[in-house]
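What follows is each chain in one-letter form.
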Amino acid sequence: MSIKNLIQKYQTLLKYMLTALTGSIFNLITAYSLYIVFNKGLIFSNTCGLIVGFLLTFIGSKLVFGKKYSIKGFLVYLGSFLLGMLMANIIINYAFLFFNKFLRKRLAFLTSKVLSGILPFTTSYAIRRLVFKGNFV
């Protein structure tokens, strides 16, 4: 299979990853600034970062799935975000407690933040693809 065929086959996933990467960068900057620079709480900082990332990803997702969102579509997007936010906050909390025992605060935070994004990302992508590509909404 050629590279061109692979890109075509996984075009939706690649676009979603680019959109999510942009949202994740702003998510990380927001959460890092609040937690490390302004010394706010871990869950508060992470939640604020996730909300910023959500807004950017929601706006960019139109490019990925090529649909205008109805109220139902927005609710699916919001619901998958809330599920992901719950998972991310649980993961970052326990990961930080673990890594903070032997890493400096900044590195423990960054490691935990990255780990807290993996499961929510894949879960949200799967839900949104099923719903939006399956024309459920």
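Residues numbered from 1 in each chain as written. Predicted model: local features only at pLDDT ≥ 70, side-chain atom pairs only at ≥ 80, totals over all residues. Heavy atoms only, no water.

1. Overview of the layout of surface pockets
Its volume calculated, the largest pocket comes out at about 710 Å³. If you go around the largest pocket, you meet 28 residues; those closest to its centre are Ala20, Ser24, Asn27, Gly117 and Phe121. Class assignment of the residues belonging to the lining of the largest pocket gives a composition of 16 nonpolar, ten polar and two charged. (1 Å grid on protein atoms, 1.4 Å probe; cavity = no way out; pocket = protein on both sides within 12 Å on 5 of 7 lines; lining within 4 Å. Points joined across faces, edges and corners; volume = space filled by probe spheres on them. Nonpolar A, V, L, I, M, F, W, Y, C, P; charged D, E, K, R; others polar.)

2. Side note on the packing of aromatic side chains
To describe a pair of aromatic rings, one takes the distance between the centres and the angle between the planes. According to the stated counting rule, one finds seven aromatic pairs in the structure shown. An angle of 55° between the planes, with centres 6.2 Å apart, marks the rings of Tyr32 and Phe109 as tilted. Of this pair, Tyr32 sits in helix α2 (residues 11-37) while Phe109 sits in helix α5 (residues 105-133), and the two are 77 residues apart along the sequence. A residue is classified by how much of its surface remains accessible, and Tyr32, at 24% relative accessible area, is partly exposed. (Phe/Tyr/Trp six-rings, centres within 6.5 Å; stacked < 30°, edge-to-face > 60°. Helix = DSSP H or I, 4+ residues; strand = E, 2+ residues; numbered from the N terminus. Buried < 20%, exposed > 50% of the residue type's maximum accessible area, 1.4 Å probe, protein only.)

3. Concerning the environment of Val64
One can find Val64 in helix α3 (residues 42-65). Overall, the relative accessible area of 6% leaves Val64 in the buried class. Separated by 26 residues in sequence, Val64 and Phe38 have C-alpha atoms that sit 34 Å apart. Contact partners of Val64, with chain neighbours within four places excluded, come to Thr12, Lys15, Tyr16 and Thr19. (Contact = heavy atoms within 4.5 Å.)

4. Looking at the nonpolar core
Most often, soluble globular proteins keep nonpolar side chains buried together rather than apart. Counting residues in hydrophobic clusters, the biggest one holds ten residues: Ala31, Tyr35, Ile36, Leu42, Ile92, Ala95, Phe96, Phe99, Ala108 and Phe109. In terms of residue count, the dominant contributor to this core is helix α4 (residues 71-99) (four residues). Counting eight residues, the second-largest nonpolar core is a separate cluster that includes Leu50, Tyr77, Ala88 and Phe132. (Core = buried A, V, L, I, M, F, W, Y, C linked by side-chain atoms within 4.5 Å.)

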